[in-house]
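Given next are the chains, with one letter for each unit.
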Amino acid sequence: MSATNPDRIISERLAGIVSGAPARDPRDDGSLNDDPAVRPPLVLNNRSFGEVTDIICGYAEHTPGKWWLPMFLLAASVAGIGVTMILYLIITGVGVWGLNNQINWAWDITNFVFWIGIGHAGTLISAILCIFKQKWRTAVNRSAEAMTIFAVICAGIFPAIHVGRIWFIWMVFPIPNYNSIWPNFRSPLLWDVFAVSTYATVSVLFWYMGMIPDLASLRDRADRRLRRAVAAGAKKRLPDLIRAYVFGLLSMGWRFSSRHWHRYEVAYLILAGVSTPLVLSVHSIVSFDFATSVVPGWHTTIFPPYFVAGAIFGGFAMVLLLLIPARELFSNFKDFLTLRHLENMAKIILVTGMMVGFAYSMEFFIAWYSGNEYERDAFLFNRVTPIWLSDRGAPYWWAYWTMITCNVLSPQVFWFKKMRRDPRAIWVVALLVTIGMWFERFVIIVTSLHRAWLPGEWHMFFPTPVDMLTFAGTCGIFLTLFLLFLRFLPVFAMAEVKAVLPQASPHGHDDHDHDDHGHADHGHGAAHGSGAHPGGHGPSHEKEAH
């Protein structure tokens, strides 16, 4: 180790006394520089404004690789199986599930809480990181917002079908009816209706609001190609015609004017402020389904923060699980989703994983400190102790220790810099965390219910093929929707990506940027000499130079 103070080396290099930079890790893509004197880039390869527009719009305009169609057909087939199982359930009844009188909540509510948790990362990345001005969010916020909406769609399926008679599901809503059957406003299940519907509405608005400038860019590019075809005497291409009309409708007359950017940024910030409390409220209310009961294993006040931390934990894992393969399959994707972004999310998984592990330990402390023998036994003999160690051991001990291994132990590898900078290691940990978070909900629900107050009421839960295929079907629905999003909509927020480029800074080195075709990037930000809107959102629109 050198005896020279590292701060002295940095100061000498900044002063020009010494030159050179420390040796770079061969795995580094240029974004992992730990030198405090050098700001690591958030977009690689020195991309221009025009290149950013061409690359991101190209994902929606050009046919993806050969992998996309087989993957889409596979996901759609699995989704079709899930829809078939739901229809079979509605026609036959919930007796086709593995439910019984003792365990009346099993895979249905387990999957509901799982999918609601998956959707939390989108709100966190888009809203909270936006408010705290974290620029690295620009690489993942659009995909995370889309993932939120798709996860809420999958979550909403299970409360509707687990009631048995789905045609009476309207009774859970607080609407007047001639039968005078009013909802019980003291029931957490009704709170779920308000929380999830509010969360879904705000998430859709937030996602759509952020896409309006990008949709207008796609509209104008399609319109420009159509005009060129007419001028050349060629036939209009049907895909461009469809894009021009569809994106023209969705962009709601966006013209990249100063007034439009001002209104956009105000509305975006308001929605971010409205969305932030939802991160805490939605999963807290979902946890009240359990915490407000007197069932041992559920009756604990730690559930709201415990569920929120777990939701963020599982949501970030799902973002990584989806985007790391996309990073390899799409060309130039690595320019926008760098190793620095992956490392930041790995750190968040490590922190939230430790929070979840702390909550697991506090459950045991609360059970012991309460002096309630039923609460204590629910943890010791319904979850922890293997059945081969004690006559009172837990038949589901394997599920509990799978949860601990995946959620508490696997993220600890991120203490090592090499592991949290390796996409393969991050993807494996994200997969384990996703599995572990499903088992967490399974453990909370089933192990708390399968042994009631009297041993004569003890029952086991065994899932049926309909249970498993229904859950697999929701996974297929989620993946199908996500693949459609990757194919037809802008994956990155172009205006926000441009705002983090060096040339977007007032201290940048180039006021005018041109793409490969000689077209200048014009817009509101260009009037300020930066190519990006001063408020943080730059134009993603390109007009043809006349």
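Reference entry: report on the structure contained in this document. (Residues numbered from 1 in each chain as written. Predicted model: local features only at pLDDT ≥ 70, side-chain atom pairs only at ≥ 80, totals over all residues. Heavy atoms only, no water.)

**Points about empty space enclosed by the protein**
Right, on to step 1. All told, the structure shown has 5 cavities of 30 Å³ or more when counted by the stated rule.
Right, on to step 2. Quantified by volume, the largest cavity comes out at close to 60 Å³.
Right, on to step 3. Along its surface, the largest cavity is lined by Gly122, Thr123, Ser126, Glu145, Thr148, Tyr199, Val202, Ser203, Phe206, Ser275 and Leu278.
Right, on to step 4. Of all the secondary-structure elements, those providing two or more residues to the lining of the largest cavity are α5 (120-131), α6 (141-161), α7 (188-231) and α9 (258-291).
Right, on to step 5. Here the element with the most residues in the lining of the largest cavity is α7; it accounts for 4 residues.
Right, on to step 6. Split into classes, the residues belonging to the lining of the largest cavity amount to 4 nonpolar, 6 polar and 1 charged. (1 Å grid on protein atoms, 1.4 Å probe; cavity = no way out; pocket = protein on both sides within 12 Å on 5 of 7 lines; lining within 4 Å. Points joined across faces, edges and corners; volume = space filled by probe spheres on them. Helix = DSSP H or I, 4+ residues; strand = E, 2+ residues; numbered from the N terminus. Nonpolar A, V, L, I, M, F, W, Y, C, P; charged D, E, K, R; others polar.)

**A few points about the layout of surface pockets**
Right, on to step 1. Computed from the structure, the second largest pocket encloses a volume of approximately 630 Å³.
Right, on to step 2. Along the walls of the second largest pocket sit 25 residues, with Pro159, Ile169, Val172, Leu189 and Val193 positioned nearest its centre.
Right, on to step 3. When contributions to the lining of the second largest pocket are tallied by element, the ones reaching two or more residues are α4 (107-118), α6 and α7.
Right, on to step 4. Sort the elements by how many residues they give to the lining of the second largest pocket and α7 lands first, with 6 residues.

**Let's talk about the pattern of salt bridges**
Right, on to step 1. Counted by the stated rule, this structure contains 19 salt bridges.
Right, on to step 2. Residues Arg221 and Asp54 are paired through a salt bridge, measuring 2.9 Å at the closest nitrogen-oxygen approach. With Arg221 in helix α7 and Asp54 in helix α2 (residues 49-61), this residue pair connects regions lying 167 residues apart in the sequence.
Right, on to step 3. Classification of Arg221 as buried rests on a relative accessible area of 10%.
Right, on to step 4. Three or more residues joined by partner-sharing salt bridges are found here, namely Asp54, Glu61, Arg221, Arg225, Arg237, Asp240 and Arg243. (Salt bridge = Lys/Arg side-chain N within 4 Å of Asp/Glu carboxyl O. Buried < 20%, exposed > 50% of the residue type's maximum accessible area, 1.4 Å probe, protein only.)

**So, the environment of Pro40**
Right, on to step 1. Of note, Pro40 is situated in the loop between α1 (6-15) and α2.
Right, on to step 2. For Pro40, a relative accessible area of 25% puts it in the partly exposed group.
Right, on to step 3. Pro40 sits 10 residues away from Gly30 along the chain, and the two C-alpha atoms are 7.1 Å apart.
Right, on to step 4. Those residues in contact with Pro40, other than ones at most four positions away along the chain, are Ser31, Asn33 and Arg340. (Contact = heavy atoms within 4.5 Å.)

**Structural notes on helix α10 (residues 303-329)**
Right, on to step 1. With 27 residues, α10 should reach 39 Å at 1.5 Å per residue; the first-to-last C-alpha distance of 39 Å fits that figure.
Right, on to step 2. Counting buried residues along α10, 23 of its 27 residues qualify, which places the element largely inside the surrounding structure. (Expected span 1.5 Å × (residues − 1).)

**With respect to the packing of aromatic side chains**
Two measures describe an aromatic ring pair: the distance that separates the ring centres and the angle between the ring planes.
Right, on to step 1. Within the structure shown, the criterion is met by 46 aromatic pairs.
Right, on to step 2. On the numbers, 6.2 Å between centres and 85 degrees between planes, the contact of Trp107 with Phe471 is edge-to-face. Linking Trp107 in helix α4 with Phe471 in helix α17 (residues 465-488), this pair joins segments that are 364 residues apart in sequence. Each member of the pair Trp107 and Phe471 is classed as buried.
Right, on to step 3. Centroid distance Phe364 to Tyr400: 6.3 Å. Interplanar angle 75 degrees. Geometry classified as edge-to-face. One end of the pair, Phe364, is in helix α12 (residues 339-370); the other, Tyr400, is in helix α14 (residues 397-409), with 36 residues separating them in the sequence.
Right, on to step 4. Residue class for Phe364 comes out partly exposed when judged on its relative accessible area of 24%. (Phe/Tyr/Trp six-rings, centres within 6.5 Å; stacked < 30°, edge-to-face > 60°.)

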